[in-house]
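# Coordinate inspection notes
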Amino acid sequence: MQLTSLTAFLLYIFILLSIGIFSTRKNRSAEGYILGNRGLNYWVTAISANASDMSVWLFMGLPMAIYKEGLIHIWTAVGLILFMFLNWHFIAPKLRRATEHFDSLTLPTFFDRRLGTNAKSLRILGAIFSMIFLTLYVSAGITGMGYLFESIFGLNYAIGCTAAIFAVLIYISIGGFTAVCYTDFFQGIFLLVVIISVPVLILLSDGSQSPQIIFGAISKNLWTFDTSSILTSITLAFGWGVGYFGQPHILNKFMAIRNPDEISKSKWLGTLWQILALGGAVLVGIAAHHFFQTPPSNAEIIFVDMVNSLFSPFFASFILCAILAATLSTVDSQILVIASVVAEDFYGVLKKKNASDKKIILASRLGAVATCLIALGVALMKISSIYELVYYCWVGMGSAFGPLVIATLYFNKLTKNAAIFGMLFGGAVGLCWIWLDSSISATIPGFIAGGGAILLVSLYEHKTAKALSKNK
């Protein structure tokens, strides 16, 4: 392990912990710890919401796909930008006002109170889905951090995973939601600068060719137009993009903005950030073709290899903390969501009004610890690649929660049974579709199945209720 590399990492962690300590003043109540007292300004909301989406996938998953499979995967980026914009425009304002109206700090609580059922089944089911998928998502982030520590510090993979998740747990436990949002804001700015600068520097480094010539040659070799590629492009764009409507770690940022009228500002600022960040990730994949003379042994760490070759150990290590930033900005948000549903939707349901703020915060912190330990165990088993783990979780949450979020905000005839059936059927179809190895992205049939189930069951129950009332 190099002392200079370790110094750079410790400096970065010190910055994050400082933000966490500063944020303790805002987490005295349960609402403060779980949702920051709904007090975020629009620019922190914009950057933290979008940064919490990207994860290690931004530096490892997407560049690898561009490098190995071609520019066809640029449509993934296009779909993410389009659907995140739609998420900001159609979901964020209504969700912010509705969750405050129903005094809900988590999505499962909102689903339950919006339907006025006070039924534990819907709330508990939503909490279980959140915990399963987000814990696996966290494990993908830990896996990426383990690879990062191996590459930079020469640390054993298991030690790297453990050290990284321990650092996250500290500032979440100290600062809660506010710490997560402000660290995500800082990390969002930092990773944006890095992911744009490094590939541009590589493409400009060869004086014999202009960036335009390099880009044109790679595009010609990697992008083909036929019926199959067009279908793949559409499914990549819609398959990932439609999943945005059901991601709790993004939606809870919408719920926390101070002034709902400023969501429009967040929408445009967040969209600009996302365009630049995803554009940088695509450039990393393109630059890798120019940079590597022979294919690297692990295509998921091409960005790491490029940075280590370009910079001195200290600057390389500090720059590579951008991968840590992308990872932590997602992992911390996901851990906090799980911790929140543990406190609000498990402990809160059992204790109801008897639960004090101190007990809810304690339950949330214990939930965060349990989540970290389980996710660490999954990461150490290396059951799948980062890209595949993220995909499974994205499909599961997008299919189970996406249609229900839209229905709770826009469909007045929604019933409790329809909500439960839609969540189960959408999630099941999405996950089963993955195993079919179809060219159609699994989120699309999962989302359609969930939405269709919600619509049909709701209309059937309303029709049945109307018929019964007439017979009386």
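Preceding this paragraph is the structure being described.
Quick look at the structure, then. (Residues numbered from 1 in each chain as written. Predicted model: local features only at pLDDT ≥ 70, side-chain atom pairs only at ≥ 80, totals over all residues. Heavy atoms only, no water.)

## Considerations on the overall build of the protein chain
Scanning the protein chain for helices and strands turns up 18 helices and 0 strands. The 472 residues of the protein chain split such that 59% are buried. Of the contacts formed within the protein chain by residues at least 6 apart in sequence, a portion of 85% connects residues at least 24 apart. Here the protein chain has roughly 18700 Å² of accessible surface; of this, 67% comes from carbon and sulfur atoms. (Helix = DSSP H or I, 4+ residues; strand = E, 2+ residues; numbered from the N terminus. Buried < 20%, exposed > 50% of the residue type's maximum accessible area, 1.4 Å probe, protein only. Contact = heavy atoms within 4.5 Å. Areas by Shrake-Rupley, 256 points an atom, 1.4 Å probe, with all protein chains shown as cover.)

## So, the packing of aromatic side chains
According to the stated counting rule, one finds 25 aromatic pairs in the structure shown. By way of ring pairs, the aromatic residues Phe-102, Phe-110, Phe-111, Phe-129, Phe-133 and Phe-401 are connected into one cluster. Sitting above the plane of the Tyr-410 ring, Lys-94 keeps its charged end 5.0 Å from the centroid. Over the aromatic face of Tyr-42 sits the side chain of Lys-265, whose NZ or CZ is 5.2 Å from the ring centroid. (Phe/Tyr/Trp six-rings, centres within 6.5 Å; stacked < 30°, edge-to-face > 60°. Lys NZ or Arg CZ within 6 Å of the ring centre and 35° of its normal.)

## Overview of the pattern of salt bridges
Taken as a whole and assessed by the stated rule, the structure comprises 5 salt bridges. Notably, a salt bridge pairs Arg-96 with Glu-100, separated by 2.8 Å at the nearest N-O pair. Placement of the pair is Arg-96 and Glu-100 together in helix α5 (residues 74–101), with a separation of 4 residues, close to one helical turn. Given a relative accessible area of 3%, Arg-96 falls into the buried group. For Glu-100, a relative accessible area of 46% translates into the label partly exposed. For Glu-262, the salt bridge is made with Lys-265, and the minimal N-O distance between the two is 3.7 Å. (Salt bridge = Lys/Arg side-chain N within 4 Å of Asp/Glu carboxyl O.)

## A short note on the environment of Ile-440
As for its placement among the helices and strands, Ile-440 is situated in the loop between α17 (416–434) and α18 (443–471). Between the C-alpha atoms of Ile-440 and Thr-235, which are 205 residues apart in sequence, the distance is 5.6 Å.

## Considering the packing of helix α3 (residues 42–54) against helix α8 (residues 157–204)
Two elements in contact, α3 and α8, have axes whose closest approach is 8 Å; the angle formed by their N-to-C orientations is 75°. Classified by the interaxial angle, the pair formed by α3 and α8 is roughly perpendicular. Across the interface between the two elements, Trp-43, Val-44, Ile-47, Ser-48, Ala-51 and Ser-52 from α3 touch Cys-181, Tyr-182, Asp-184, Phe-185, Gly-188 and Ile-189 from α8. Its residues placed into classes, the contact of α3 with α8 shows 8 nonpolar, 3 polar and 1 charged. (Axes fitted to C-alpha atoms, helices over the stretch in contact; angles between N-to-C directions. Parallel < 35°, antiparallel > 145°, perpendicular 65-115°, else oblique. Nonpolar A, V, L, I, M, F, W, Y, C, P; charged D, E, K, R; others polar.)

## Let's talk about the packing of α8 against helix α15 (residues 357–381)
In contact at an axis separation of 10 Å, α8 and α15 are set at 165° when each is read in the N-to-C sense. As summarised for this structure, α8 and α15 are arranged roughly antiparallel, according to the angle between their axes. In this structure, α8 meets α15 at a crossing whose hand is right-handed. The residues of α15 that touch α8, namely those facing Tyr-157, Ala-158, Cys-161, Thr-162, Ile-165, Leu-169, Ser-173 and Ile-174, are Arg-365, Ala-368, Val-369, Cys-372, Leu-376, Ala-379 and Leu-380. The residue inventory of the contact of α8 with α15, partitioned by class, reads 12 nonpolar, 2 polar and 1 charged. (Left-handed = near helix turned anticlockwise from the far one by under 90°.)

## Some remarks on α15
For an α-helix the count is 3.6 residues per turn, leaving residues at separations of three or four pointing the same way. Taking 1.5 Å of rise per residue, 25 residues should cover 36 Å, and α15 covers 37 Å from first to last C-alpha, within 8% of that figure. Within α15, the full set of buried residues consists of Ile-360, Ile-361, Ala-363, Ser-364, Gly-367, Ala-368, Thr-371, Cys-372, Ala-375, Leu-376, Val-378 and Ala-379. Two residues or fewer after α15 comes Lys-382, characterised by a positive phi angle close to 50°. (Expected span 1.5 Å × (residues − 1).)

## Overview of the environment of Ala-322
If you trace the backbone, Ala-322 turns up in helix α14 (residues 313–351). Here the alpha-carbon distance between Ala-322 and Phe-190, two residues 132 residues apart in the chain, equals 6.4 Å. Sequence-distant contacts of Ala-322, defined by excluding residues within four places in its chain, comprise Phe-59, Phe-190, Leu-191 and Val-194.

## Focus: the side chain of Thr-183
Looking at where Thr-183 falls in the secondary structure, it is placed in helix α8. Not counting residues up to four positions away in its chain, the partners in contact with Thr-183 are Leu-16, Ile-19, Tyr-171 and Asp-332.

## Concerning the environment of Leu-169
Inspection of the secondary structure assignment puts Leu-169 in helix α8. According to the relative accessible area criterion, Leu-169 is buried, its value standing at 15%. Considering only alpha carbons, one finds Leu-169 and Cys-372, 203 residues apart in sequence, at a separation of 7.5 Å. Leu-169 has contacts with Ala-368, Val-369 and Cys-372, leaving out every residue within four places of it along the chain.

## Describing unusual backbone geometry
Peptide bonds are, in most cases, trans, and in most cases residues other than glycine have a negative phi. One non-glycine residue with positive phi stands out, namely Arg-38, at about 50°. Its identity is not glycine, yet Asp-103 carries a phi of approximately 50°, on the positive side. Along the chain, Asp-103 falls in the loop between α5 and α6 (107–115).

## Focus: α6
Among the 9 residues of α6, 8 are classified as buried, and the element is accordingly described as predominantly covered. For α6, the full list of buried residues reads Leu-107, Pro-108, Thr-109, Phe-110, Phe-111, Asp-112, Arg-114 and Leu-115. Once α6 ends, the next one or two residues include Gly-116, with phi positive near 65°.

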